[in-house]
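Inside the fold
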Amino acid sequence: MKRYWLLFSQAVTVLLAVWFVLVTLKPEWVKSRPAESPDAPAWSLSGDASLPAPAGSFRQAVHRAAPAVVSISTARKQDPRAKASPWFRFFGGEDNEEEQTGLGSGVIVSDNGYILTNNHVVAEADDIQVMLNDGRSAQGRVIGTDPDTDLALIKIQLDRLPVIQWGQSDGLQVGDPVLAIGNPFGVGQTVTSGIVSALGRNQLGINTFENFIQTDAAINPGNSGGALVDAQGRLLGINTAIYSRTGGSLGIGFAIPVSTARQVMDGLLKSGQVVRGWIGVEPMQLTAELAQTFSLPNSEGVVITGVLQNAPAHRAGILPGDQLLKVAGQRIQTVGELLTRVAELPPGQAAEFTVLRKGEQVNLKVVP
């Protein structure tokens with residue numbers, strides 16, 4: 001018994017000595033590692049979001065938003081009858097591919113698989129493949145499209161989906177920092193930063209209803225349908241277009257505000273189409289000449305030059321020559337803003353319009 005006790009004591013002494021040497025010379029060898037949480041999400045980005053971020057870093061915003069931004073690839077088969085046509089062979093050549101492909105981005109907006117993207121990303125596509133940032137992929141199905149705003153809603157069937165947090169685009173100001181997240185040129189998910197360069201951009205000839213957020217965050221081909229987020233990773237808009245003479249980013253990109261995107265999504269989910277308000281007026285941007293013609297005190301905003309007989313505006317008492325100031329409490333500066341605000345009004349519900357008539361403000365109730 002004494003011999004066994006002596007052997008045990010010697011073994012413990014040797015182990016303690018070895019441990020002391022390791023702690024002194026190689027502490028990293030014995031440093032404990034935190035156990036992985038069983039509730040940790042299956043998806044993750046490169047890097048550790050728990051590490052303290054340097055001043056001015058958008059690391060936390062990216063970790064919140066990026067997993068919900070997906071890459072979308074589409075394929076459209078050519079009509080075999082057209083390919084067999086001698087006109088097709090003459091103008092298109094013999095070696096044209098039978099399948100046309102496209103790339104874009106999208107944003108997961110609900111945990112049951114709904115994804116917002118641009119209409120031009122999925123238009124006329126026969127096959128839609130959605131790739132998540134965690135490596136998973138799924139077949140996409142179009143729920144509805146709205147070409148007038150260039151938005152589309154698609155759906156995938158996957159579980160444990162990361163969902164982006166909604167932001168408030170109405171509170172944006174020029175100079176606010178923003179991030180653009182998408183898949184430019186198919187190189188993989190990319191994040192660029194910038195600021196809000198302008199608000200309410202319209203008359204660009206891109207969509208029927210235009211109320212774009214302009215940003216200098218780099219947006220390139222493939223970013224279409226991706227997310228424009230704030231410094232907290234909340235969705236502010238859907239990236240949709242760039243101004244470019246070369247096909248690359250020149251620092252002028254446009255995003256559809258999230259307020260418009262939510263309205264379109266709600267309409268597509270409810271009825272498969274977007275129902276918009278209409279009041280029946282002919283508006284014109286005010287100029288100094290028009291202001292003088294209608295004896296208006298200033299040349300700011302929109303003047304009503306015509307009202308359709310028995311239209312909602314006519315029944316509410318709006319007259320030609322009225323200077324439109326506000327729609328539902330929101331100030332109107334351009335014809336584009338007027339079209340957007342009226343389109344957003346729910347049909348059948350009265351909204352207050354404020355006009356300037358003979359130097360006096362008049363409030364009218366219009367039922368679009």
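Structural data are supplied above this passage.
Structural notes, computed from the coordinates. Predicted model only: the values in this text are computed from it and were never measured.

What follows covers the environment of Leu179. Topologically, Leu179 is positioned in strand β9 (residues 177–182). By relative accessible area, Leu179 is classed as buried at 2%. Separated by 118 residues in sequence, Leu179 and Ala61 place their C-alpha atoms 8.7 Å apart. Among residues more than four places away in sequence, those in contact with Leu179 are Phe58, Ala61, Val62, Val191, Thr192, Ser193, Ala227, Leu228, Val229 and Asp230.

Another point: the packing of aromatic side chains. Overall, the coordinates contain 1 aromatic pair when judged by the stated rule. Relative to Phe254, the ring of Phe212 lies with its centre 5.8 Å away and its plane at 45 degrees, an arrangement referred to as tilted. Taken together, the residues span a long stretch of sequence, with Phe212 in strand β11 (residues 212–215) and Phe254 in strand β14 (residues 253–257) at a distance of 42 residues. Here Arg262 stacks its cationic end above the ring of Trp166, 4.3 Å away from the centre of that ring.

We now examine helix α6 (residues 258–271). For α6, built from 14 residues, the straight-helix expectation of 20 Å at 1.5 Å per residue is met to within 8% by its first-to-last C-alpha distance of 20 Å. Restricting attention to buried positions, one finds in α6 the residues Val258, Thr260, Ala261, Val264, Met265, Gly267 and Leu268. Of the residues flanking the end of α6, it is Gly272, one or two places downstream, whose phi is positive at about 80 degrees.

Our next topic: a nonpolar patch on the surface. Taken together, the side chains of Trp5, Phe8, Val12 and Leu16 present a nonpolar region at the surface, about 450 Å² in accessible area. Turning to its location among the elements, Leu16 is positioned in helix α1 (residues 2–25). Judged by relative accessible area, Leu16 falls into the exposed class, the value being 53%.

By the element assignment, Ser224 lies in the loop between β11 and β12 (227–229). Accessibility expressed as a relative area gives 15% for Ser224, which makes it buried. Engagement of the side chain of Ser224 in a polar contact is seen with the side chain of His120, the distance being 3.2 Å. With sequence-adjacent residues up to four places away left out, Ser224 is seen in contact with Gly104, Ser105, Thr117, Asn118, His120, Val121, Asn239 and Thr240.

Next up on the list: the pattern of salt bridges. All told, the structure shown has 8 salt bridges when counted by the stated rule. For the salt bridge of Asp148 with Arg276, the shortest nitrogen-to-oxygen distance reads 3.8 Å. With Asp148 in the loop between β6 (141–146) and β7 (151–155) and Arg276 in the loop between α6 and β15 (281–285), this residue pair connects regions lying 128 residues apart in the sequence. The class of Asp148 is partly exposed, set by a relative accessible area of 30%. For Arg276, a relative accessible area of 19% puts it in the buried group. Taken together, the shared-partner salt bridges in this structure form one network comprising Asp134, Arg136 and Asp159.

What counts as what
- Residues numbered from 1 in each chain as written.
- Predicted model: local features only at pLDDT ≥ 70, side-chain atom pairs only at ≥ 80, totals over all residues.
- Heavy atoms only, no water.
- Helix = DSSP H or I, 4+ residues; strand = E, 2+ residues; numbered from the N terminus.
- Buried < 20%, exposed > 50% of the residue type's maximum accessible area, 1.4 Å probe, protein only.
- Contact = heavy atoms within 4.5 Å.
- Phe/Tyr/Trp six-rings, centres within 6.5 Å; stacked < 30°, edge-to-face > 60°.
- Lys NZ or Arg CZ within 6 Å of the ring centre and 35° of its normal.
- Expected span 1.5 Å × (residues − 1).
- Patch = residues over 30% accessible without salt bridge, like charges linked within 9 Å, V, L, I, M, F, W, Y side chains within 5 Å.
- Areas by Shrake-Rupley, 256 points an atom, 1.4 Å probe, with all protein chains shown as cover.
- Salt bridge = Lys/Arg side-chain N within 4 Å of Asp/Glu carboxyl O.
- Polar contact = N/O pair within 3.5 Å; in protein donor to acceptor, adjacent residues only side chain to side chain.

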